[in-house]
Amino acid sequence: MTPAKPANQPPSELRAALATLKPYFRRAGIFSLLSGLLVLAPSGYMLEVYGRVVNSRSHTTLWMLTLLILGVYIVMELLEWARSEMMRAASVELDERLRGRIFHAIFDANLRRIPGGTQQPLNDFKQVREFLYSPVLLGVMESPVSIVMLVLLFLINPALGWAAIAFACVITLVAWLNERSTKPPLMQANRAAIAAQQYADGSLRNAEVIESMGMLRDVHARWMDKQREFLNLQATASEAAGGFQALSKFLQTTLSSGLLGLGCWLLLHGELHGGDVMMIMASVFGGRVVAPLVQAVTQWQSVVNVRDAWGRLDQLLAAVPARPENMALPAPRGALQVEPVVAGAPGGGAQILRGVGFALNPGEVLAVVGPSASGKTTLARLLVGIWPSMAGKVRLDGADVFAWDKAELGPHVGYLPQGVELFDGSVAENIARFGEVDMARVEEAARAVGLHDFILGLPQGYETAVGAGGARLSGGQRQRVGLARALYGNPVFVVLDEPNSSLDEEGDAALARAIQFMKSRGTTFVIMTHRTSVLAVADKMLVLRDGQTQAFGPRDEVLAALQQAAQQAQQPPAAPARQLATAA
Ligand SMILES: Nc1ncnc2c1ncn2[C@@H]1O[C@H](COP(=O)(O)OP(=O)(O)OP(=O)(O)O)[C@@H](O)[C@H]1O
C-alpha cells in the first residue's frame, strides 16, 4: 500500500510539468470531439444514398452527397492530424521542461550510488513522452463523444440509452478485472526486463575478462535465466490481457447488434422516434459510446507500462532533488581544513572514516598512506566534495566543499580518481575537461606530466580520439592524460588517488617535477599512494588505518615515529614503514 500523501505536500515535479500542458490537452480535446462527431458522417451518407438517391434515382443528389462526404473525410483527417500534432507538441514541451532536470538527476543518482541505472530513466522518460500521442490517450480523448452519443440514444429512446449504459458498465468491469490480473505480472515483467538489461550491460562491459577466462557460457546462462523470467511473466500478463481484450470487443459488437435489435423491437411496438433510420443510427451510436473503453482495455498493457515508467521517474526525481542555487564564492587560495570527519558511502552505509581531521596551508603537499581498504579513496572523494560527510566538514578557504557549486569550484580543483575515467573525445578535449579548449594551457598541462612528445607522435596529435574510457591508450598513458586533466588550468587544490600506479620511472619523475613546480606556485596537493616515490615531494604525511588517523604531521616526524613504533615492537620495521623511511 502506498502511504497517504500529506495534504500540504507539493505535487511531484512530473505532475507539475504535466499540468503546464493543459492548453495542449484542451485543444486536442476539442479536435477529438469534432472528429469524433464527424465519424457519424459515413453512416449518414449510407442512409441518404439508400433512402434519398435510390428512391429519387437522382444523379445530382448522389454527386452532391459524395462530394459532401469527401469534404467531411478531408476535414476529419485534418482534425486527426491536428490533434496528434498538438499532442506531439505537448510531448516536445514536456521534453524541454524535464530533460535537463532528468539528466542531472541521473547524474546525481549515479554519484550517490542510487540504483536505477543511466539508460532506464531515459527510456522511461521516452515512454512517458510517447504516451502523450499514443492511440490509447488519443482514444480516451474521444470520451466526450461517447457522452454526446449516449444523450442521442436517450433522445431516440431511453431504453436504448440504458442498454448502452449497462454494456458500458460491464466493459468497465472487464477493464477493472483486466487491470487486476495483468498489472502485477506486467510490472514484475518490467522489473525482470530491467534486471536482465542491466546484467547484460554490466557483464558485457568486461568482455576481455569474460573472453580470456572462458566465462561467456556462464554469463550467458545467467542472463538467460533473467530473460526467461521476464518472458514468462510477460506471457502470463499477455494471456490474461488477450482474454479480456476479446471479451471487450465481443461486448462492443454485441452492443451494436443488440441496439439494432432493440431499436427494431421498439419500432415494431411504435415506440421508436424517427422511424427505421433511427434503428440503424442507434446501433452506430452504441458502438461509439463504448469505443474509448474498449480502446483502453485493448491497449491496457501500454497504460500499465507507462504508469510503471512514470512511477520510476517520480521516485528518481523525489530521491534526487534539484540542486539549490548556491551563493557565488570568491576563488579559493588552497587552504584546506578537514574538521574531524565521519563518513561512509552515500545512501546510509557503514562508517568508513571515523574522526579523520587535519589542515594544510596553500602550497603544502600531503601524502596519505595506509593499507588497502583503510579509507584513502573515501577521503579523496570527501576532499573533492563527491561524497557527503556524516559529521565534520571539508573546507577550502573556510567554505564547505560538498555544498560548493561544482561548476564554480571545479576549475580551481584537480582530481585524478583511481580509475582515471577518460571520456570519448580527443586528447585535447579530455585534458581541457571538455570545456573550451585553451591549447596553450592544454600543452602546458601535458608538458608538466611529460606527455607532450608522446601526444605529438599520435596520428592526429592533440586531436586524436582516445575512444570510450580512453580505450585506445595504454594504462600509463591514460593515467598521464588523467594527470594532465587534473593539473589543467593551474588549480589551487589537487587530489590525486594513486597517481603513479601505472607510471614507469620516467612518468614517476615527471609527476614529481610537476608537483614540485605547482607547489612552488601555491597549489595544495593531497596524494593517496601505496608507492614511496611521492613521499620525496611531500611536506606532510597522514597514515590511515581502519578509517582512522594513525599518524599525521610533518613527513619526517611521521616516518620517524613509524620507525620507532616498529622498533619498540622489537621486530624489524614493517615493510611499508621501512620502504617509506628509505624513500624519504
Ligand atoms: N561505494 C561503496 N559502498 C560501500 N562501501 C564502500 C564503497 N567504497 C568503498 N567502500 C568500503 O570502504 C572501505 C575503504 O575503501 P577505500 O576505497 O576508501 O580504501 P582505500 O584505502 O582507498 O583502498 P585501496 O588502497 O585498496 O584503494 C572498504 O572497506 C570498502 O569496502
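Residues numbered from 1 in each chain as written. Predicted model: local features only at pLDDT ≥ 70, side-chain atom pairs only at ≥ 80, totals over all residues. Heavy atoms only, no water.

Under an unreviewed UniProt entry, the name given to the protein chain is ATP-binding cassette, subfamily C, exporter for protease/lipase, and the organism recorded is Oryzisolibacter propanilivorax.

S.K.: Explain the UniProt feature "domain: ABC transmembrane type-1" (unreviewed entry) in the protein chain to me, please; I cannot follow it from the model alone.
M.R.: In the numbering adopted here, UniProt assigns the feature "domain: ABC transmembrane type-1" (unreviewed entry) to residues 28-305. Helix makes up 89% of residues 28-305 and strand 0%, with an end-to-end C-alpha separation of 23 Å. (UniProt positions renumbered as here; feature names shortened; annotations may be inferred. Helix = DSSP H or I, 4+ residues; strand = E, 2+ residues; numbered from the N terminus.)

S.K.: What exactly am I supposed to notice about a nonpolar patch on the surface here?
M.R.: Side chains of Trp-63, Leu-67, Leu-70 and Tyr-73 sit close together on the surface and give an oily, nonpolar patch of about 460 Å² of accessible area. Tracing the sequence through the fold places Trp-63 in helix α4 (residues 59-111). Judged by its relative accessible area of 59%, Trp-63 falls in the exposed class. (Patch = residues over 30% accessible without salt bridge, like charges linked within 9 Å, V, L, I, M, F, W, Y side chains within 5 Å. Areas by Shrake-Rupley, 256 points an atom, 1.4 Å probe, with all protein chains shown as cover. Salt bridge = Lys/Arg side-chain N within 4 Å of Asp/Glu carboxyl O. Buried < 20%, exposed > 50% of the residue type's maximum accessible area, 1.4 Å probe, protein only.)

S.K.: Help me understand empty space enclosed by the protein in this model?
M.R.: The method is simple in principle: a probe with the dimensions of a water molecule rolls over the atoms, and the space it marks as empty is what remains. Evaluation of the coordinates by the stated rule reveals one cavity of 30 Å³ or more. A volume near 30 Å³ is recorded for the largest cavity. Split into classes, the residues belonging to the lining of the largest cavity amount to three nonpolar, one polar and one charged. (1 Å grid on protein atoms, 1.4 Å probe; cavity = no way out; pocket = protein on both sides within 12 Å on 5 of 7 lines; lining within 4 Å. Points joined across faces, edges and corners; volume = space filled by probe spheres on them. Nonpolar A, V, L, I, M, F, W, Y, C, P; charged D, E, K, R; others polar.)

S.K.: I keep staring at the sheet that holds strand β4 (residues 394-396) and nothing clicks. Help me out?
M.R.: In any sheet, the strands associate via hydrogen bonds between backbone groups, in a parallel or an antiparallel arrangement. Within the open sheet, the four strands sit side by side as β2-β1-β4-β5. Their pairing is antiparallel. Of all strands in the sheet, those bounded by a partner on one side alone are β2 (351-360) and β5 (399-400). By the bridge criterion, three bridges tie strand β1 (residues 336-344) to β4 in an arrangement that is antiparallel. Bridge assignment links Gln-337 to a residue of β4, and that residue is Arg-395. Across the sheet, helix α13 (residues 376-383) lies against β1, β2 and β4, angled at about 60 degrees from β2, the strand it touches most. (Pairing = 2+ DSSP bridges. Contact = heavy atoms within 4.5 Å. Axes fitted to C-alpha atoms, helices over the stretch in contact; angles between N-to-C directions.)

S.K.: Please explain the pattern of salt bridges as it appears in this structure.
M.R.: Side chains bearing opposite charge may pair, as long as their charged atoms lie close to each other. Under the counting rule described, the total for this entry stands at 25 salt bridges. The residue Arg-323 makes a salt bridge to Asp-108 at a minimum N-O spacing of 2.5 Å. Separated by 215 residues along the polypeptide, Arg-323 in the loop between α12 (300-319) and β1 and Asp-108 in helix α4 bring together distant segments of the chain. The class of Asp-108 is buried, set by a relative accessible area of 7%.

S.K.: Could you clarify how one ought to interpret the packing of helix α7 (residues 143-156) against helix α8 (residues 158-204) in this entry?
M.R.: Between two packed helices, both the angle of their axes relative to each other and the distance between the axes serve to describe the pair. Two numbers describe how α7 lies on α8: the axes approach to 5 Å, and their chain directions differ by 140 degrees. Mapping the contact onto sequence places Leu-150, Leu-153, Phe-154 and Ile-156 in α7 and Pro-158, Leu-160, Gly-161, Trp-162, Ala-164 and Ile-165 in α8. The class makeup of the residues in the contact of α7 with α8 is nine nonpolar, one polar and no charged.

S.K.: Can you walk me through the sheet that holds strand β8 (residues 524-528) in this structure?
M.R.: The strand order across the open sheet formed by six strands is β6-β7-β8-β3-β9-β10, and the pairing between neighbours is mixed. In the strand order of this sheet, the two ends are held by β6 (413-416) and β10 (548-554), each with one partner. Within the sheet, the average angular offset between the axes of one strand and its neighbour, ignoring direction, is 10 degrees. Contacting β6, β7 (493-497) and β8, helix α18 (residues 475-487) runs over the sheet at an angle of about 165 degrees to β6.

S.K.: How should the nonpolar core be read in this particular structure?
M.R.: Nonpolar side chains in soluble globular proteins generally cluster together in the buried interior. With 45 residues, the main nonpolar core has Ile-431, Ile-455, Tyr-462, Leu-496, Phe-525 and Met-541 as its most contacted residues. Of the residues forming this core, the biggest block, five residues, is contributed by α18. Those residues in contact with Leu-496 that sit more than four places away from it in its chain are Leu-416, Leu-483, Ala-486, Leu-511, Phe-525, Val-526, Ile-527 and Met-528. Ranked by size, the runner-up nonpolar core spans 35 residues in total, among them Ala-17, Tyr-24, Ala-309 and Leu-313. (Core = buried A, V, L, I, M, F, W, Y, C linked by side-chain atoms within 4.5 Å.)

S.K.: I tried to follow the site of the ligand on my own but got confused; where do I start?
M.R.: Close to the ligand lie 15 residues, the nearest being Ser-372, Lys-376, Thr-377, Thr-378 and Gln-418. In this structure, an oxygen atom belonging to the ligand sits 2.5 Å away from a side-chain N or O atom of Ser-372. For the ligand, whose free accessible area comes to 640 Å², the fraction covered by protein is 63%. With four residues, α13 is the single largest residue contributor to the shell around the ligand. Of the residues belonging to the shell around the ligand, the class tally is five nonpolar, seven polar and three charged. (Near = heavy atom within 4 Å. Polar contact = N/O pair within 3.5 Å; in protein donor to acceptor, adjacent residues only side chain to side chain.)

S.K.: Is there a simple way to think about helix α2 (residues 22-38) in this case?
M.R.: The α-helix advances 3.6 residues per turn, and as a result positions three or four apart in sequence lie on the same side. Helix length check: α2 (17 residues) gives 24 Å between terminal C-alpha atoms against 24 Å at 1.5 Å per residue, within 8%. Among the residues of α2, those classed as buried are Tyr-24, Ala-28, Ser-32, Ser-35 and Gly-36. Buried residues of α2, seen end-on, are gathered within an arc of 100 degrees and therefore sit on one face of the element. For α2, exposure combined with an orientation more than 90 degrees from the buried face picks out Lys-22 and Arg-26. Buried positions along α2 lie against α4, α7 and α11 (276-298). (Expected span 1.5 Å × (residues − 1). Arc of directions from axis to C-beta.)

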